[in-house]
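One letter stands for each residue in the lines below.
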Amino acid sequence: MLIGGGIIVVAGLTFWIVTTKWLADGLDSAADGSNDYALVLGAKVKHGAIPSKALAYRLDAALQYAQKYPHVTLIVSGGQGPDEDATEASVMQTYLVEYGLSADRIIIEEKATTTYENIVYSLDLIHDEVSSLTIISSDYHLERAKILADRLDLEVDVVAAKTPKIIEAKVRFRERFALVKSFILGK
């Protein structure tokens, strides 16, 4: 009984330490404008086609990046969940245009329902042969996006959006398990 409990404690601590490192590693490879495309990953859309706070933070980070690097085209990616009244991508495009980004600098991908699909479906929309891409997402989400991009032989750099404090503990806890799943399954 004591040995079993010890094994569980060691396994739990190992899981926590490894995933903490992974979450921190997501912030490595900060984007510098060297890629022509930046993929903005979707997040929850509230009733009335309003971006959640997490999505708004991602979009604000994307706007700042696009303003700093005017040659970059943004790809907004996200489908429509059963509790959303619009696709994440359409809400993202509207927000970006309302805040001054030209619509001709935005490519819309509206089918994806997972981070893996965000990347795959967005790449399908780019007519150029792309081997490197910038990913814009919440800080906690970037390492998983990088793992998935690596599985697709895609080099990425990242732009980190802050995570709203009200959801930070919950999403970071959930992301630890998603990281392990993505690491093992590649999706």
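None of the values given here were measured: they were computed from a predicted structure.

### Concerning the sheet that holds strand E6 (residues 132-138)
- Across the sheet, which stays open at both edges, the five strands sit in the order E5-E4-E1-E6-E7 with parallel pairing between neighbours. Lying at the two open borders of the sheet, with one neighbouring strand each, are strand E5 (106-109) and strand E7 (155-161). Neighbouring strand axes in the sheet, compared pairwise and without regard to direction, differ in orientation by 25° on average.
- Pairing of strand E1 (residues 37-41) with strand E4 (residues 73-77), which is carried by five bridges, proceeds in the parallel orientation. Among the inter-strand pairings, Ala38 is bridged to a residue of E4, identified as Leu74.
- Docked against the sheet, helix H5 (residues 142-151) engages E1, E6 and E7, running at close to 165° with respect to E7.

### Side note on the packing of helix H1 (residues 2-25) against helix H6 (residues 165-185)
- Where H1 contacts H6, the two axes come as close as 10 Å, and the packing angle between them is 90°. On the basis of the axis angle, H1 is roughly perpendicular to H6. Only Arg172, Phe173, Glu175, Arg176, Phe177, Leu179, Val180 and Phe183 of H6 make contact with H1, whose side of the interface consists of Phe15, Trp16, Thr19, Thr20, Trp22 and Leu23.
- For the contact of H1 with H6, the residue count by class is nine nonpolar, two polar and three charged.

### With respect to the packing of aromatic side chains
- For the coordinates displayed, the defined rule picks out three aromatic pairs.
- Aromatic side chains Tyr95 and Tyr99 sit 4.6 Å apart centroid to centroid with 35° between the ring planes, which places their arrangement in the tilted category.
- Accessibility expressed as a relative area gives 12% for Tyr95, which makes it buried.
- Above the ring of Phe183, the side-chain terminus of Arg151 is found at 6.0 Å from the ring centroid.
- One cation-aromatic arrangement involves Lys162 over Tyr57; the distance from NZ or CZ to the ring centre is 4.8 Å.

### With respect to H5
- Of all 10 residues in H5, eight are buried; the element is thus mostly enclosed.
- Those residues of H5 that sit buried are Leu142, Glu143, Arg144, Ala145, Lys146, Ile147, Leu148 and Ala149.
- Against H1, E1, helix H4 (115-125), E6, E7 and H6 lie the buried residues of H5.
- Taken from the residues just after H5, Asp153 is the one with a positive phi, measuring 55°.

### With respect to H1
- Taking 1.5 Å per residue, 24 residues should reach 34 Å; H1 reaches 35 Å between its end C-alpha atoms and fits that length.
- If you check which residues of H1 are buried, you get Thr19, Trp22, Leu23 and Asp25.

Reading the values: the criteria
Residues numbered from 1 in each chain as written. Predicted model: local features only at pLDDT ≥ 70, side-chain atom pairs only at ≥ 80, totals over all residues. Heavy atoms only, no water. Pairing = 2+ DSSP bridges. Helix = DSSP H or I, 4+ residues; strand = E, 2+ residues; numbered from the N terminus. Axes fitted to C-alpha atoms, helices over the stretch in contact; angles between N-to-C directions. Contact = heavy atoms within 4.5 Å. Parallel < 35°, antiparallel > 145°, perpendicular 65-115°, else oblique. Nonpolar A, V, L, I, M, F, W, Y, C, P; charged D, E, K, R; others polar. Phe/Tyr/Trp six-rings, centres within 6.5 Å; stacked < 30°, edge-to-face > 60°. Buried < 20%, exposed > 50% of the residue type's maximum accessible area, 1.4 Å probe, protein only. Lys NZ or Arg CZ within 6 Å of the ring centre and 35° of its normal. Expected span 1.5 Å × (residues − 1).

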